[in-house]
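# Coordinate inspection notes
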Amino acid sequence: MKGTVLYDVKDNVAVLTVDNPPVNPLSDGVRTGLYECVTKAEEDDSIKGIVVTGNGRAFIAGADISEFGGNVEGISLNEVFNKLEHCSKPVVAAINGIALGGGLETALCCNYRIAANTAFVGLPEVNLGLLPGGGGTQRLPRLAGPSEALKMMLTGGHIPAKKALDMGIVDSISENVVEDSIKFAIEKAESSEQHPKVRDLNEKMIEARGNDKILLEAQAMAAKGRKGQFAPGQIIKCVEAAINLDDFDEGLKKEGELFLECLLHPQREAMIHIFFGERAASKISDVPKDTPVKEIKKAGIIGSGTMGGGIAMCFANAGIPVHIIDQDEENLKRGVSVIEKNYDFMVGKGRLTSEQKDAVFGLVTSSLEYEDISDCDIVIEAVYENLELKHEIFKTLDSVVKPEAILASNTSGLDIDSIAAVTKRPELVVGTHFFSPANIMRLLEVVRGEVTSDETLATVMAVGKKLKKAAVVSLNAPGFIGNRMLFGYTAQANMLLLEGALPHQIDQALESFGLNMGPFRMMDLVGLDLGWRARKLSGKESPLHAKIGDELCEQNRYGQKNGAGYYNYTEGSRAPNAAPENEELYERISQENGFTRREISDEEIVDRCILALINEGANILSEGVAQRAVDIDVVYINGYGFPIWRGGPMHHANAMGLDVVVEKLNKYKELTGNDVYKPSELLVSLAENNLKMGDAPAKADRKEKLGFEMSSVANNF
Ligand SMILES: NC(=O)c1ccc[n+]([C@@H]2O[C@H](COP(=O)([O-])OP(=O)(O)OC[C@H]3O[C@@H](n4cnc5c(N)ncnc54)[C@H](O)[C@@H]3O)[C@@H](O)[C@H]2O)c1
């Protein structure tokens with residue numbers, strides 16, 4: 001059995017300490033231990049009360065996720081909760097650290113709750129496609145009120161102790177939580193008061209009856225923040241039951257039924273896949289676990305533009321001093337003032353106090369002098385996307401920055417090996433591909449050059465963790481992982497437009513599938529003119545898929561930046577309005593290129609765009625550019641708005657069945673003649689053997705990596 005509960009007696013109070021390092025999840029040993037220890041304390045006449053607490057930094061971090069999906073052994077959580085709630089002696093939860101999910105539910109079954117100043121509580125089950133199924137949906141609303149409880153359960157956020165006190169979730173906060181809880185238990189045992197049970201507190205439920213606004217607001221919140229997800233609606237139904245059913249146990253029964261539906265739902269599997277996937281992605285299969293990690297005390301950033309500023313904020317937010325260099329005084333001033341404005345905005349929203357802003361913004365310094373970054377432990381370059389310029393900068397950095405420092409480039413797709421080769425420390429050079437806005441987007445692609453050292457990689461992965469990023473390693477190949485996949489996907493969206501579908505139909509079909517933003521809205525946001533200008537400069541003809549976009553640019557339609565692209569935009573708004581005036585142009589370009597426009601179904605749109613992602617993902621995996629399929633999923637969910645509840649494109653393919661995927665690819669290869677649908681060899685062989693995509697093949701079995709010399713491909717990223 002995993003985990004245990006220590007039994008100790010102090011001043012006639014039984015102190016039950018959950019011991020299941022590092023964060024005390026409710027594994028079978030903990031459940032059995034709690035059940036047996038409460039029984040023992042109840043049977044011992046010398047024991048006056050019980051205190052439940054956790055060993056180390058956590059109270060109880062939640063259920064043991066590794067038990068999900070399998071047969072749960074031993075005593076069930078509900079039996080433990082029943083035992084606690086109906087105990088004849090007063091039970092105090094001494095919440096010494098994080099109390100999440102089943103951990104907070106344990107505390108809610110105690111008569112009293114005292115939290116350490118530094119503790120956090122929360123019911124984050126929604127993040128795993130679940131609802132709090134241990135009575136949380138019935139008990140939390142009774143303490144915090146249904147409105148606040150719904151907010152907490154739908155966001156899955158962590159609530160600090162002080163706020164939990166204001167919300168009525170805990171009774172008090174303390175600096176010596178276990179000692180104070182023991183004293184409190186004695187006091188309560190000696191008083192003649194009834195010990196309150198959360199299940200009996202019906203006041204807030206009765207007050208909420210007939211108030212439709214509470215549930216409507218929750219539904220609106222779920223529709224906005226958790227589009228397409230199944231669990232939020234189930235949580236709302238549970239709270240509705242808590243409000244309307246007179247009998248607490250009936251509410252619990254309802255919660256149990258709705259929980260089971262979540263547990264069996266494919267979204268639950270998809271979301272847990274990502275939960276574990278993000279943890280797996282942080283490990284590099286061929287870098288030993290005990291690889292030393294350099295200490296990063298100060299960071300330098302070159303370039304104070306969109307990315308440089310955002311990356312600087314990430315370091316400052318993590319408490320790491322950061323110095324920004326730019327060549328242009330105006331740009332530098334503007335860049336630093338954008339950072340300050342971002343922090344001011346957070347103060348305005350109440351997310352930071354002005355003292356906190358001063359402290360964090362105080363970590364950001366800037367100048368025009370490279371000497372000022374000589375003592376940095378890592379320097380990230382974020383200047384214009386131009387290889388010669390990056391070569392120049394890396395030569396300068398190599399001569400100015402201390403020799404043991406890591407030099408990183410934020411390039412979106414240039415060859416890291418070529419950049420590393422201009423320095424005398426290529427093993428310390430790495431790609432750190434942040435996504436825009438860098439201070440908000442969680443994805444970080446860490447690009448591993450041919451000679452990047454294990455220590456450099458391990459350090460950058462540790463930095464990613466410190467900056468609270470979902471860091472994923474990619475080998476150095478054109479487009480890395482995400483942009484390489486995006487290329488085929490947007491090209492197919494454009495081909496569908498050329499064949500007869502309209503931008504809003506394509507966007508709607510993919511948004512209904514679950515993507516945050518359809519491809520045409522995205523292209524309008526990025527700007528249609530970037531590729532067009534690059535092609536013009538190099539004198540290249542537009543490839544078929546770019547013909548319409550380039551023609552729109554010829555007509556001065558660049559996207560959101562000038563109010564017109566595939567859509568029209570009114571000033572100051574990002575909302576897309578249909579642009580019927582473009583349709584004549586679509587008709588003409590289709591005809592000129594030999595296409596007879598046809599009706600295209602939403603199913604074909606989704607299939608073709610998503611299959612393009614999956615097939616390229618499989619190629620990336622077969623080359624070992626991504627270490628494992630789930631890394632690709634983590635990239636797509638955190639950087640490209642793929643719905644988390646589908647588990648990412650690779651999980652989606654595995655769930656569909658790879659035989660079905662290959663069959664569909666063949667069908668579209670036949671229909672379009674496009675190589676994008678030529679099934680990846682990896683997919684074919686896995687499908688034949690009834691297997692799923694997992695780890696990249698062993699080194700000897702990998703396909704040759706896509707090279708940067710294939711410039712026709714590389715130039716498209
Ligand atoms: N913008 C994005 O969405 C995005 C996303 C991921 C990666 N990237 C990559 O990040 C890098 C920067 O992109 P950006 O959008 O922030 O660019 P940007 O144009 O907003 O900013 C570039 C900054 O670099 C400065 N600069 C130019 N040459 C310099 C030099 N020699 N020394 C010091 N400073 C110099 C410029 O003055 C400017 O302030 C590019 O490689 C880009 O491909 C961009």
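Here the structure is a predicted model, which means the values were calculated and not measured. (Residues numbered from 1 in each chain as written. Predicted model: local features only at pLDDT ≥ 70, side-chain atom pairs only at ≥ 80, totals over all residues. Heavy atoms only, no water.)

Let's shift gears to the pattern of salt bridges. Applying the stated criterion across every chain, the model contains 41 salt bridges. Put simply, D377 and K402 hold a salt bridge, and the shortest N to O gap is 2.7 Å. Here D377, found in the loop between β13 (364-367) and β14 (378-381), pairs with K402, found in the loop between α16 (387-400) and β15 (406-409); they are 25 residues apart in sequence, far enough to count as distant. Assessed through its relative accessible area of 24%, K402 is described here as partly exposed. Linked through salt bridges whose partners overlap, the residues forming this network are E85, R139, R199 and D249. (Salt bridge = Lys/Arg side-chain N within 4 Å of Asp/Glu carboxyl O. Helix = DSSP H or I, 4+ residues; strand = E, 2+ residues; numbered from the N terminus. Buried < 20%, exposed > 50% of the residue type's maximum accessible area, 1.4 Å probe, protein only.)

Further remarks concern the sheet that holds strand β10 (residues 172-174). Across the sheet, which stays open at both edges, the 6 strands sit in the order β1-β2-β3-β5-β7-β10 with mixed pairing between neighbours. Looking at the sheet topology across the chains shown, the edges are occupied by β1 (4-10) and β10. Geometrically, the sheet is characterised by an average inter-axis angle of 25° between neighbouring strands, direction not taken into account. One ladder, built from 3 bridges, connects strand β3 (residues 49-54) with strand β5 (residues 91-95); its direction is parallel. When the bridges of β5 are listed, V51 appears paired with V92. (Pairing = 2+ DSSP bridges. Axes fitted to C-alpha atoms, helices over the stretch in contact; angles between N-to-C directions.)

Looking now at the sheet that holds β15. Taken in spatial order, the 8 strands line up as β13-β12-β11-β14-β15-β16-β17-β18 in an open sheet, and their pairing is mixed. What marks the edges here is a single partner per strand, and that holds for β13 and β18 (470-475). The average undirected angle you get between the axes of adjacent strands in this sheet is 25°. Relative to β14, strand β11 (residues 299-302) runs parallel, the two sharing 4 bridges. Each residue of the ladder has a partner; that of I301, found in β14, is I380. Contacts between helix α13 (residues 306-317) and the sheet are confined to β11, β12 (322-325), β13, β14 and β16 (429-434), with β11 contributing the most and set at about 170° to the helix. Helix α14 (residues 329-348) contacts β12 and β13 of the sheet and is inclined by roughly 170° relative to β13. (Contact = heavy atoms within 4.5 Å.)

On to the site of the ligand, then. The local shell around the ligand holds 23 residues, among which M307, D326, E385, K390 and S412 are the closest. Here an oxygen atom of the ligand sits 3.0 Å away from a polar atom, N or O, in the main chain of T306. The separation between an oxygen atom of the ligand and a polar main-chain atom of V383 is 3.2 Å. A total of 840 Å² of accessible area belongs to the ligand in isolation, and the protein chains cover 81% of it. Taken together, the elements giving at least two residues each to the shell around the ligand come down to α13, α16 and β16. Split by residue class, the shell around the ligand holds 9 nonpolar, 11 polar and 3 charged. (Near = heavy atom within 4 Å. Polar contact = N/O pair within 3.5 Å; in protein donor to acceptor, adjacent residues only side chain to side chain. Areas by Shrake-Rupley, 256 points an atom, 1.4 Å probe, with all protein chains shown as cover. Nonpolar A, V, L, I, M, F, W, Y, C, P; charged D, E, K, R; others polar.)

So, about helix α22 (residues 529-537). Considered for burial, the residues of α22 that qualify are D529, W532 and R535. Mapping the buried residues of α22 onto a view down its axis gives an arc of 130°, with all of them on the same face. Those residues of α22 hidden inside the fold are in contact with α23 (547-554). (Arc of directions from axis to C-beta.)

What follows covers the packing of aromatic side chains. What the rule picks out here adds up to 10 aromatic pairs. Each member of the aromatic cluster is reached from another via a ring pair, and the members are F435, F513, Y636, Y640 and F642. The aromatic ring of Y35 is capped on one face by K83, whose charged end is 5.1 Å from the ring centroid. Here the guanidinium or amino end of R646 rests over the ring plane of F513, the centre of that ring lying 4.0 Å away. (Phe/Tyr/Trp six-rings, centres within 6.5 Å; stacked < 30°, edge-to-face > 60°. Lys NZ or Arg CZ within 6 Å of the ring centre and 35° of its normal.)

Counting buried positions along β5 gives 5 out of 5 residues, so the element sits mostly inside the fold. Where β5 lies against strand β7 (residues 112-116), 4 bridges are found, and the strand directions are parallel. When the sheet's bridge partners are listed, I95 is paired in β7 with A115.

Before going further, it helps to examine the nonpolar core. One broad rule of soluble globular proteins: the nonpolar side chains tend to lie buried together. Judged by nonpolar contacts, the single largest core of 81 residues is most densely connected at L16, L34, I50, I95, L140 and I169. Among all residues touching I95, those that are not within four sequence positions of it are F59, A107, R113, I114, A115, A116, A119, V170 and V177. (Core = buried A, V, L, I, M, F, W, Y, C linked by side-chain atoms within 4.5 Å.)

The next subject is the UniProt feature "domain: 3-hydroxyacyl-CoA dehydrogenase C-terminal" (unreviewed entry) in the chain. The UniProt record marks residues 479-569 and 605-690 with the feature "domain: 3-hydroxyacyl-CoA dehydrogenase C-terminal" (unreviewed entry), using the residue numbering of this structure. The annotated region residues 479-569 carries 59% helix and 0% strand content, and the separation between its end C-alpha atoms amounts to 30 Å. With 70% helix and 0% strand, residues 605-690 has end C-alpha atoms that lie 27 Å from one another. (UniProt positions renumbered as here; feature names shortened; annotations may be inferred.)

Bringing a positive patch on the surface into the picture now. Residues R57, R279, K283, K289 and K465 make up a contiguous surface patch of positive charge. Relative to the helices and strands, K283 resides in the loop between α12 (266-281) and β11. The partly exposed category is assigned to K283, whose relative accessible area is 46%. (Patch = residues over 30% accessible without salt bridge, like charges linked within 9 Å, V, L, I, M, F, W, Y side chains within 5 Å. Lys, Arg positive; Asp, Glu negative; His and termini not counted. Charge placed at Lys NZ, Arg CZ, Asp CG, Glu CD.)

Attention now moves to the environment of L131. Note that L131 resides in the loop between β8 (120-122) and α4 (136-144). According to the relative accessible area criterion, L131 is buried, its value standing at 0%. C-alpha separation for the pair L131 and K669, spaced 538 residues apart in sequence, amounts to 42 Å. Once residues within four sequence positions are removed from consideration, L131 is found in contact with E125, T137, Q234, I235, C238, E255, L258, F259 and C262.

Right, let's talk about the UniProt feature "domain: 3-hydroxyacyl-CoA dehydrogenase NAD binding" (unreviewed entry) in the chain for a bit. Feature annotation in UniProt assigns "domain: 3-hydroxyacyl-CoA dehydrogenase NAD binding" (unreviewed entry) to the following positions: residues 299-474. Between the C-alpha atoms that bound residues 299-474 the distance is 22 Å, and the span itself is 41% helix and 21% strand.

Right, let's get into unusual backbone geometry. Going from P21 to P22, the amide bond is cis rather than trans, its omega being 0°. Here the bond from S436 into P437 is cis, since omega is -5°, no more than 30 degrees from zero. Within the secondary structure, P437 sits in the loop between β16 and β17 (443-448). The backbone phi angle of N24 is positive, close to 60°, even though this residue is not glycine. Among the structural elements, N24 can be located in the loop between β2 (13-19) and α1 (28-43).

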